[in-house]
Number of protein chains: 2
Amino acid sequence: MGAPLNDRSQNILEAIVEDYIRTAEPIGSRAITKRHAFDLSPATVRNVMADLEEMGFLVSPHTSAGRIPTEKGYQYYVESLLQVNDLPAEFRNSLEEGSRFDGKSMENVMQEVGNLLSGISRYTGLVMAPRFNSTVFRQIEFVRLSKGRLLVIFVSESGLVQNKVIEPGIDFSHRDLETITNYLNHRLPGMTIAQVRERIAVELREEQSRLNKLQKQALELSDQALQGDVAEQVYVAGTSHMLEQPEFTSPDSMMKIMRTLESKQQLIDLLDCSQTARGVQIFIGSQSAHSEIEGCSLIAAPFSGNKGAVGTLGVIGPIRMNYSQVIPIVDFTASLVSRILDRES
Amino acid sequence: MGAPLNDRSQNILEAIVEDYIRTAEPIGSRAITKRHAFDLSPATVRNVMADLEEMGFLVSPHTSAGRIPTEKGYQYYVESLLQVNDLPAEFRNSLEEGSRFDGKSMENVMQEVGNLLSGISRYTGLVMAPRFNSTVFRQIEFVRLSKGRLLVIFVSESGLVQNKVIEPGIDFSHRDLETITNYLNHRLPGMTIAQVRERIAVELREEQSRLNKLQKQALELSDQALQGDVAEQVYVAGTSHMLEQPEFTSPDSMMKIMRTLESKQQLIDLLDCSQTARGVQIFIGSQSAHSEIEGCSLIAAPFSGNKGAVGTLGVIGPIRMNYSQVIPIVDFTASLVSRILDRES
DNA sequence: ATTAGCACTCACTTGCGTTGAGTGCTAAAG
DNA sequence: CTTTAGCACTCAACGCAAGTGAGTGCTAAT
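This write-up is about the structure you can find in this document. (Residues numbered from 1 in each chain as written. Chains lettered and ligands numbered in written order. Predicted model: local features only at pLDDT ≥ 70, side-chain atom pairs only at ≥ 80, totals over all residues. Heavy atoms only, no water.)

## Concerning the overall build of chain A
Here comes step 1: A tally of helices and strands in chain A yields 13 helices and ten strands.
Here comes step 2: For 345 residues, the compact-globule estimate of 2.2 N^0.38 gives 20 Å, and the C-alpha radius of gyration of chain A, at 26 Å, exceeds that figure by more than 25%.
Here comes step 3: Referenced to the eigenvectors of the C-alpha coordinate spread, the extents of chain A come out at roughly 90 × 40 × 35 Å.
Here comes step 4: By residue count, 53% of the 345 residues in chain A fall in the buried class.
Here comes step 5: Long-range contacts, defined as pairs at least 24 residues apart, comprise 61% of the intrachain contacts of chain A with a sequence gap of at least 6.
Here comes step 6: Taking the average location of the 34 positive side-chain charges in chain A and that of its 43 negative ones, the two points are 3 Å from each other. (Helix = DSSP H or I, 4+ residues; strand = E, 2+ residues; numbered from the N terminus. Rg over C-alpha atoms; globule rule 2.2 N^0.38 Å. Buried < 20%, exposed > 50% of the residue type's maximum accessible area, 1.4 Å probe, protein only. Contact = heavy atoms within 4.5 Å. Lys, Arg positive; Asp, Glu negative; His and termini not counted. Charge placed at Lys NZ, Arg CZ, Asp CG, Glu CD.)

This is how it looks when you write it as structure tokens:
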């Protein structure tokens, strides 16, 4: 699908896409010649537009309206025509300002980053915290809540904290717990949670005989503590910006979009795609997979500390999204968050 | 404003409110006589309705429409006419089912409870976790993240966990931290966070001379750790149910309501009102304070463990809300959560 | 006190003509 | 061969008028 477009067609396509992104209204041939100083008559532009339509870059909603870009049109625009703006200094500042983390927990930081993403882009901001299972274990603590009920707290290298309540069969004493905690905290750091689990399984199987009772209990306990994948954390911010978009003015589409943004799982699936990739990724319309988010595009980028904790953040908005503005925002924010995670180690 | 309403007027008012809650459409005199077996002609009902309108319980949107309840009408209905249904067993079951907390953190439980509230009521569920400052301190842990950067983890009696990153001036060694942790964990449990802070301030002021260096550092460190109120946590679930309500079909009102539900602070203010009260509280329309939530009612109840941690949960929906169904849901859920918090101790 | 009857009101719907932005086609001009 | 001017055509959107019907308030009869 190379680029069988000559310069003039490209210019016109670019003009249409950009005007449409601004106005959200079908662009007519006259409007083009007026707004941009091509030395062409509307009729010529019409011919070019007819060609672009035939090639699948444009459609007209009805005979007597202007043209709007198709998904393919946007894709071509993003891949070949778009020039990304620099991130304005004010945005850069408020991002750096807002992500100071002194006195905040990592969760707060993630939430705050989501708010910043949405506030600056004026679309909806998404942040998916690193999957806990892939983060590097740093420390574990047990708190005895009541008879037989324990609170387990994990801390990862990157400063993420997770906790859960478990009910092991045995009622450990304060002393036991302390010993177990020490034992585990000396042996486990440096591995990912996944590796830790594997290690525990191996030791329980193969070294049974060489372990004393408490060591065995320690392993069994941490096995239970690590059981069950911890659900991903997604922070969504600025959902109401979505409703401000003219493409979602109908009550129906408003409900649809809000339902989608409410279902964390769908968002996780979406963001997972760009987990592994490097740098900013752009999913335009139905490119964003199986997903139910019709009419939306996603600009996402992974972030990661040097200890391997990988999360994803991004901005979701209508296909008619201001790509040139949002891309640098996402890009910069991702590296910012990476920097924050790194600083922890 | 006593009750200058005779039985017949009451019955008719009740019928109108309940029919309107069901249909969301103005109720006419004929509809009343048809749907309910009062032995009255439409004309009589009309007379009564005119009286009720004069008294401020009803209004008609325009001359040739039926009547709808005013806020005052709802208030009278809720206070004097409403009979609360029992909570259907299926709801009770799914609530009890869903709030099993084994393997979940308290935050997960709160979130889950929000989901249940909204899922069952089909309105929007709110849960405000206990303010951390008012919870009883149980344990503190320090994790050294990097040079000069500490992660502090607090655990409250009720199993709530909070963490934050701080940067004390000094770079404590692992050993120091252990000592400090032990020192604090022996002295502080049993007090609320607020009390702890006070105590620390007093000791630092009055017992300066009697403390060794590490003890002093311990106190200073925990002072910093406790500084700054931790933001309240509000869990909001099922916001899209709001958009399903016929009163919010216009794009404008949809945006308005979503913006409100997005701003945690407004919700906190709202829920704070019922923090101190006992049992289910009902805020109808503008009763729900200064707040911007026009056209909404809130049904809320505080929950609390025996250790004093107090939170609030509730359901928010249109004024035309199914009070008789939602009240028992909120009531039961609040006591359920209280039970969960209690069980921890 | 209640009810039947009746004139009246007014949001809502339907249909119809007008408007205007925009198109595609054709034929002339460069 | 490309570009442009001209023109007939299309069709969503807007506004207006008439018709419809649910519901009311008032009056007079029961």
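Having seen it, we continue.
## Let's talk about the pattern of salt bridges
All names here are of chain A.
Here comes step 1: Under the defined criterion, the tally for this structure stands at 32 salt bridges over all chains.
Here comes step 2: A salt bridge links arginine 339 to glutamate 96; its shortest N-O distance comes to 3.5 Å. Here glutamate 96 lies in helix H5 (residues 89-98) and arginine 339 lies in helix H13 (residues 323-343), a separation of 243 residues in the sequence.
Here comes step 3: Assessed through its relative accessible area of 38%, arginine 339 is described here as partly exposed.
Here comes step 4: Between glutamate 203 and arginine 199 there is a salt bridge, with its nearest N and O atoms 2.9 Å apart. Placement of the pair is glutamate 203 and arginine 199 together in helix H8 (residues 193-206), with a separation of four residues, close to one helical turn.
Here comes step 5: If you follow the salt bridges from partner to partner, you end up with Asp19, Arg22 and Arg35 in one network. (Salt bridge = Lys/Arg side-chain N within 4 Å of Asp/Glu carboxyl O.)

## Topic: the protein's contact with DNA strand D
Here comes step 1: Lining the immediate environment of DNA strand D, one finds 20 residues, of which Arg8, Thr44, Thr63 and Ser64 of chain A together with Ser29 of chain B sit closest.
Here comes step 2: Here arginine 8 of chain A contributes a side-chain N or O atom positioned 2.7 Å from a phosphate oxygen of DNA strand D.
Here comes step 3: Between DNA strand D and arginine 46 of chain A there is a distance of 3.5 Å, counted from a base oxygen to a side-chain nitrogen or oxygen.
Here comes step 4: When residues of the surface near DNA strand D are traced back to their parent elements, those giving at least two are helix H3 (42-54) of chain A together with helix H3 (42-54) of chain B.
Here comes step 5: No other element matches H3 of chain A, which puts four residues into the surface near DNA strand D.
Here comes step 6: Along the lines of polarity and charge, the residues of the surface near DNA strand D split into four nonpolar, eleven polar and five charged. (Near = heavy atom within 4 Å. Polar contact = N/O pair within 3.5 Å; in protein donor to acceptor, adjacent residues only side chain to side chain. Nonpolar A, V, L, I, M, F, W, Y, C, P; charged D, E, K, R; others polar.)

## Quick word on the sheet that holds strand S8 (residues 281-284) of chain B
All names here are of chain B.
Here comes step 1: Ordered in space as S7-S3-S10-S9-S8, the five strands form an open sheet in which the pairing is antiparallel. Each having just a single partner strand, strand S7 (234-237) and S8 make up the two edges of the open sheet. Across the sheet, the axes of successive neighbouring strands diverge by a mean angle of 15 degrees, strand direction being ignored.
Here comes step 2: Pairing of strand S3 (residues 124-128) with S7, which is carried by four bridges, proceeds in the antiparallel orientation. Opposite glycine 125, over in S7, you have alanine 237 as the bridge partner.
Here comes step 3: Of the strands in this sheet, S3, S7, strand S9 (296-304) and strand S10 (310-318) are in contact with helix H6 (residues 106-121), which crosses S3 at around 155 degrees. (Pairing = 2+ DSSP bridges. Axes fitted to C-alpha atoms, helices over the stretch in contact; angles between N-to-C directions.)

## A short note on the interface of chain A and chain B
Here comes step 1: Each partner contributes residues to the interface: chain A has 42 residues there, and chain B has 42 residues.
Here comes step 2: Buried surface at the junction of chain A and chain B, both sides included, amounts to about 3600 Å², of which 56% is carbon and sulfur.
Here comes step 3: Between arginine 259 of chain A and glutamate 244 of chain B there is a salt bridge, and its shortest N-O distance comes to 3.0 Å.
Here comes step 4: Here chain A is connected to chain B by 18 residue pairs in polar contact (both at pLDDT 80 or more).
Here comes step 5: Among the elements that line the side of chain A that touches chain B, the one with the most residues is strand S4 (residues 137-146) of chain A, at eight residues. (Buried area = accessible area lost by both parts, 1.4 Å probe.)

## Regarding the protein's contact with DNA strand C
Here comes step 1: Lining the immediate surroundings of DNA strand C are 20 residues, of which Ser29 and Arg67 of chain A together with Arg8, Thr44 and Thr63 of chain B lie closest.
Here comes step 2: Put simply, 77% of the atoms of DNA strand C that lie within 4 Å of the protein are in sugar or phosphate.
Here comes step 3: Between alanine 65 of chain A and DNA strand C, the recorded distance is 3.3 Å, taken from a backbone N or O atom to a sugar or linking oxygen.
Here comes step 4: One nitrogen or oxygen atom from the side chain of threonine 63 of chain B is found 3.3 Å from a phosphate oxygen belonging to DNA strand C.
Here comes step 5: Secondary-structure elements contributing two or more residues to the surface near DNA strand C are H3 of chain A together with H3 of chain B.
Here comes step 6: Taken together, the residues of the surface near DNA strand C break down into four nonpolar, eleven polar and five charged.

## Structural notes on the sheet that holds strand S8 (residues 281-284) of chain A
The pairing of strands in a sheet happens through backbone hydrogen bonds and is either parallel or antiparallel.
Residue and element names in this part refer to chain A.
Here comes step 1: Read from one edge of the open sheet, five strands run S7-S3-S10-S9-S8, paired in antiparallel fashion. The strands lining the two open edges of the sheet, one partner per strand, are strand S7 (234-237) and S8. Taken pair by pair, the neighbouring strands of this sheet meet at an average axis angle of 15 degrees, ignoring direction.
Here comes step 2: Each of S8, strand S9 (296-304) and strand S10 (310-318) is contacted by H13, which is oriented at about 25 degrees to S9, the strand it contacts most.

## What about the relation of the copies chain A and chain B?
Here comes step 1: By a simple turn and slide, chain A fits onto chain B: the slide is 0.0 Å along the axis, the RMSD is 0.0 Å, and the turn is 180 degrees. Put plainly, the chains are arranged around a two-fold axis. Identified as the residue of chain A closest to the rotation axis by C-alpha distance is proline 251 of chain A, at 3.1 Å.
Here comes step 2: Of all interface residues in chain A, 100% are interface residues in chain B too; the two copies therefore contact each other through one and the same surface. (Least-squares fit on C-alpha atoms with pLDDT ≥ 70 in both.)

## Re the packing of helix H1 (residues 7-23) of chain B against helix H4 (residues 71-81) of chain B
All names here are of chain B.
Here comes step 1: The N-to-C vectors of H1 and H4 enclose an angle of 115 degrees; their axes lie 10 Å apart at closest approach. Considering their axes alone, H1 and H4 lie roughly perpendicular with respect to each other. Every pair of crossing elements has a handedness; the one defined by H1 and H4 is left-handed. Residue-level inspection shows Gln10, Leu13, Glu14, Val17, Glu18, Tyr20 and Ile21 of H1 in contact with H4, the latter providing Tyr74, Tyr76, Tyr77 and Leu81.
Here comes step 2: For the contact of H1 with H4, the class distribution of residues is eight nonpolar, one polar and two charged. (Parallel < 35°, antiparallel > 145°, perpendicular 65-115°, else oblique. Left-handed = near helix turned anticlockwise from the far one by under 90°.)

## Details of the packing of helix H8 (residues 193-206) of chain B against helix H9 (residues 213-226) of chain B
Residues and elements named next belong to chain B.
Here comes step 1: The geometry of H8 relative to H9 is characterised by a closest axis approach of 10 Å and an angle of 140 degrees between their N-to-C directions. Taken together, the axis directions place H8 and H9 in an arrangement best described as oblique. Helix-helix and strand crossings are classified by hand; for H8 and H9 the assignment is left-handed. Contacts between H8 and H9 pair Ile193, Val196, Arg197, Ile200, Glu203 and Leu204 from the former with Lys216, Leu219, Glu220, Ser222, Asp223 and Leu226 from the latter.

## Focus on the nonpolar core
Here comes step 1: Residues Tyr323 of chain A together with Tyr323 of chain B are the most contacted members of the largest nonpolar core, which totals 180 residues.
Here comes step 2: When neighbours within four sequence positions are excluded, tyrosine 323 of chain B is seen to be in contact with Ile21, Tyr74, Val78, Leu82, Ile282, Ile284, Ser297, Ile299 and Pro328 of chain B.
Here comes step 3: By size, the runner-up hydrophobic cluster in this structure holds 44 residues, among which are Met128 and Met255 of chain A together with Leu267 and Leu270 of chain B. (Core = buried A, V, L, I, M, F, W, Y, C linked by side-chain atoms within 4.5 Å.)

## Considerations on the packing of aromatic side chains
Residue and element names in this part refer to chain A.
Here comes step 1: Tallying each qualifying case throughout the model produces six aromatic pairs over all chains.
Here comes step 2: Relative to phenylalanine 154, the ring of phenylalanine 132 lies with its centre 5.9 Å away and its plane at 55 degrees, an arrangement referred to as tilted. Of the two residues, phenylalanine 132 is situated in the loop between strand S3 (124-128) and S4 and phenylalanine 154 in strand S5 (residues 149-156); the sequence distance between them amounts to 22 residues. Per residue, the accessibility class of phenylalanine 132 equals that of phenylalanine 154, and both read buried.
Here comes step 3: Here the guanidinium or amino end of lysine 72 rests over the ring plane of phenylalanine 57, the centre of that ring lying 4.8 Å away. (Phe/Tyr/Trp six-rings, centres within 6.5 Å; stacked < 30°, edge-to-face > 60°. Lys NZ or Arg CZ within 6 Å of the ring centre and 35° of its normal.)

## Overview of the pairing of strand S5 (residues 149-156) of chain B
Residue and element names in this part refer to chain B.
Here comes step 1: In terms of burial, S5 is a largely internal element, eight of the eight residues being buried.
Here comes step 2: Of the two faces of S5, the one holding Arg149, Leu151, Ile153 and Val155 and the one holding Leu150, Val152, Phe154 and Ser156 are both buried throughout.
Here comes step 3: One ladder, built from eight bridges, connects strand S4 (residues 137-146) with S5; its direction is antiparallel. What sits directly across from phenylalanine 142, in S5, is valine 152.
Here comes step 4: Between the antiparallel neighbours S4 and S5 lie two residues, among them glycine 148 with a positive phi of about 80 degrees.
Here comes step 5: Sheet topology places S5 next to strand S6 (residues 161-166); six bridges connect them, and they run antiparallel. Within the sheet, the bridge partner assigned to valine 152 lies in S6 and is lysine 164.
Here comes step 6: Following S5, the chain reverses through four residues before pairing antiparallel with S6; glycine 159 in that reversal takes a positive phi of roughly 90 degrees.

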